[in-house]
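The lines below spell out each chain.
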Amino acid sequence: MQAGARVGRYEILAAIGKGGMGEVWKARDARLGREVAIKTLPDAFAKDADRLARFEREAKLLASLNHPNIASIYGLDEVDGAQLLVLELVEGETLADRLSTGAIPLDQALDIARQIVDAVEAAHEAGVLHRDLKPANVQVTPDGKVKVLDFGLAKAFVDGRTELNLSHSPTLSLTATAHGVILGTAAYMSPEQARGVAVDKRADLWAIGCILYEMLAGRRTFGGELASDVMASVLKSEPDYTALPPTIPARLRALIQRC
């Protein structure tokens with residue numbers, strides 16, 4: 001697939017990103033006259049039954065979620081044997097891009113965090129875990145609206161155990177590498193996920209705490225050069241709370257510690 005190509009009724013406009021679970025393209029729906037995001041599985045996995053099942057599960061999970069802070073799904077199409085997940089196109093930048101320039105002012109960080117929490121709460125009420133919540137999966141529009149992206153690893157609470165294959169992370173990055181995808185996932189992974197045991201909604205709350213810490217401190221909650229280093233930090237160490245601004249309210253600091 002490339003810019004300028006026609007896939008069914010969709011005109012491919014530009015690449016948005018790629019990760020362990022697929023490639024995402026900006027496209028125009030010729031029938032409805034609107035721009036959308038199209039997610040496809042990489043050719044290398046097109047005949048992988050497990051990946052195809054994950055792809056279909058993502059479509060069904062997203063279709064069950066209806067919230068202003070969750071990116072919508074428009075449909076699941078098949079064109080020439082390829083599965084296409086048609087999603088709401090969210091303009092703006094990811095929270096990861098925004099954090100690349102440093103910490104975010106308190107009032108803005110709290111506004112972003114509240115919207116993330118609203119999205120995750122709605123998903124939890126529908127029996128869905130995100131399980132890969134991180135800045136790369138949070139889009140912030142130019143007017144400050146937050147959209148949580150990519151529930152590709154989400155599971156119903158009653159489902160089985162977590163996935164330890166971190167390369168399945170749906171992190172979107174035009175420069176994504178296996179190392180980058182794994183490292184980006186590990187930094188927000190709860191201890192239960194790092195151990196490969198069953199998780200519940202507290203895994204998402206852990207990730208929210210990591211994201212809020214990073215927005216205020218301007219650095220990741222748990223660091224390390226390699227994914228194994230990060231996971232060891234998650235399992236064995238406490239965050240450096242002295243990195244948080246001394247001016248933040250005590251209740252907010254307590255909230256982050258509780259997460």
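All values derive from a computational prediction rather than experimental measurement.

What counts as what
- Residues numbered from 1 in each chain as written.
- Predicted model: local features only at pLDDT ≥ 70, side-chain atom pairs only at ≥ 80, totals over all residues.
- Heavy atoms only, no water.
- Helix = DSSP H or I, 4+ residues; strand = E, 2+ residues; numbered from the N terminus.
- Buried < 20%, exposed > 50% of the residue type's maximum accessible area, 1.4 Å probe, protein only.
- Contact = heavy atoms within 4.5 Å.
- Areas by Shrake-Rupley, 256 points an atom, 1.4 Å probe, with all protein chains shown as cover.
- 1 Å grid on protein atoms, 1.4 Å probe; cavity = no way out; pocket = protein on both sides within 12 Å on 5 of 7 lines; lining within 4 Å.
- Points joined across faces, edges and corners; volume = space filled by probe spheres on them.
- Nonpolar A, V, L, I, M, F, W, Y, C, P; charged D, E, K, R; others polar.
- Pairing = 2+ DSSP bridges.
- Expected span 1.5 Å × (residues − 1).
- Polar contact = N/O pair within 3.5 Å; in protein donor to acceptor, adjacent residues only side chain to side chain.
- Salt bridge = Lys/Arg side-chain N within 4 Å of Asp/Glu carboxyl O.
- Core = buried A, V, L, I, M, F, W, Y, C linked by side-chain atoms within 4.5 Å.

S.K.: Please clarify how the overall build of the protein chain should be interpreted in this entry.
M.R.: Check the secondary structure of the protein chain and you find 8 helices and 9 strands. Within the protein chain, buried positions represent 49% of all 259 residues. Within the protein chain, counting contacts between residues at least 6 apart in sequence, those at least 24 apart form 59% of the total. Total accessible area on the protein chain is roughly 12,500 Å²; 51% of this is exposed by carbon and sulfur atoms.

S.K.: It is not clear to me how empty space enclosed by the protein should be interpreted in this structure. Could you clarify?
M.R.: To find leftover empty space, a probe the size of one water molecule is rolled over the atoms. The tally for this structure, following the rule as stated, stands at 2 cavities of 30 Å³ or more. Surrounding the second largest cavity, Arg131, Asp132, Leu133, Thr185, Tyr188, Met189, Gln193, Ala203, Asp204 and Ala207 form its lining. By residue number, the principal contributor to the lining of the second largest cavity is helix H6 (residues 202-217), which donates 3 residues. Counted by class, the lining of the second largest cavity contains 5 nonpolar, 2 polar and 3 charged residues.

S.K.: Explain the pairing of strand E6 (residues 82-88) here, please?
M.R.: Both faces of the sheet carry side chains from a regular strand, because those side chains alternate between them. Summarising burial for E6: 5 of the 7 residues are buried, a large majority. When strand E4 (residues 34-40) meets E6, the two strands line up antiparallel, connected through 5 bridges. Pairing of valine 36 across the sheet is with glutamate 88, part of E6. Here strand E5 (residues 73-79) pairs with E6 via 6 bridges, running antiparallel. Counterpart to glutamate 78 in the pairing with E6 is glutamine 83. The turn joining E5 and E6, which pair antiparallel and follow one another in sequence, is formed by 2 residues; a positive phi near 50° is taken by aspartate 80.

S.K.: I'm lost on the sheet that holds strand E9 (residues 146-148) in this one. Help?
M.R.: Within a sheet, each strand pairs with its neighbour through backbone hydrogen bonds, oriented either parallel or antiparallel. Overall, antiparallel pairing links the 3 strands, which are arranged E7-E8-E9 in an open sheet. Taken across any chain shown, the strands that pair with only one partner, and hence form the sheet edges, are strand E7 (93-94) and E9. Strand direction decides the pairing type here: E7 and strand E8 (residues 138-140), joined by 2 bridges, are antiparallel. Among the inter-strand pairings, threonine 94 is bridged to a residue of E8, identified as glutamine 139.

S.K.: What's the story with H6 in this structure? I'm lost.
M.R.: One turn of the α-helix equals 3.6 residues, which is why residues spaced by three or four share an orientation. A rise of 1.5 Å per residue sets the reference length of H6, with its 16 residues, at 22 Å; its end C-alpha atoms lie 22 Å apart and thus fit the reference within 8%. Trailing H6 by a residue or two, glycine 218 shows a phi angle of about 75°, which is positive.

S.K.: What exactly am I supposed to notice about the side chain of lysine 39 here?
M.R.: With respect to the helices and strands, the residue lysine 39 is situated in strand E4. Within the structure, lysine 39 has its side chain in polar contact with the side chain of aspartate 150 (distance 3.2 Å).

S.K.: Help me out: how do you make sense of the pattern of salt bridges in this one?
M.R.: Once their charged atoms are close, side chains differing in charge can pair, the charge on each being opposite to the other. Tallied over the full model, the rule gives 7 salt bridges. The shortest N-O distance in the salt bridge between glutamate 35 and lysine 26 comes to 3.6 Å. With relative accessibility at 24%, the residue lysine 26 sits in the partly exposed group. A salt bridge links glutamate 88 to lysine 147; the shortest N-O distance between them is 3.2 Å. Of this pair, glutamate 88 sits in strand E6 while lysine 147 sits in strand E9; the two residues are 59 residues apart in sequence, bridging distant segments of the chain.

S.K.: Is there a simple way to think about the nonpolar core in this case?
M.R.: Grouped burial of nonpolar side chains is what soluble globular proteins tend to show. In this structure, Leu95, Ile116 and Met215 are the most contacted members of the largest nonpolar core, which totals 55 residues. Here the element with the most residues in this core is H6; it accounts for 10 residues. Look past the residues within four positions of methionine 215 in its chain and what remains in contact with it is Leu95, Leu99, Ala103, Ile104, Ala109, Ile112 and Ala113. Of all hydrophobic cores here, the second largest spans 10 residues; its members include Trp25, Ala27, Leu84 and Val86.

S.K.: Honestly, the layout of surface pockets in this entry has me stumped. Any pointers?
M.R.: Taken as a whole, the second largest pocket holds about 520 Å³ of empty space. Together, 20 residues line the second largest pocket, and Arg202, Leu205, Trp206, Ile208 and Cys259 are the ones closest to its centre. When residues of the lining of the second largest pocket are traced back to their parent elements, those giving at least two are helix H3 (106-125), helix H5 (191-195), H6 and helix H8 (250-258). When residues in the lining of the second largest pocket are grouped by element, the largest group, 6 residues, is from H6. For the lining of the second largest pocket, the class distribution of residues is 13 nonpolar, 2 polar and 5 charged.

Remember, this is a structural readout, not a statement about activity or role.
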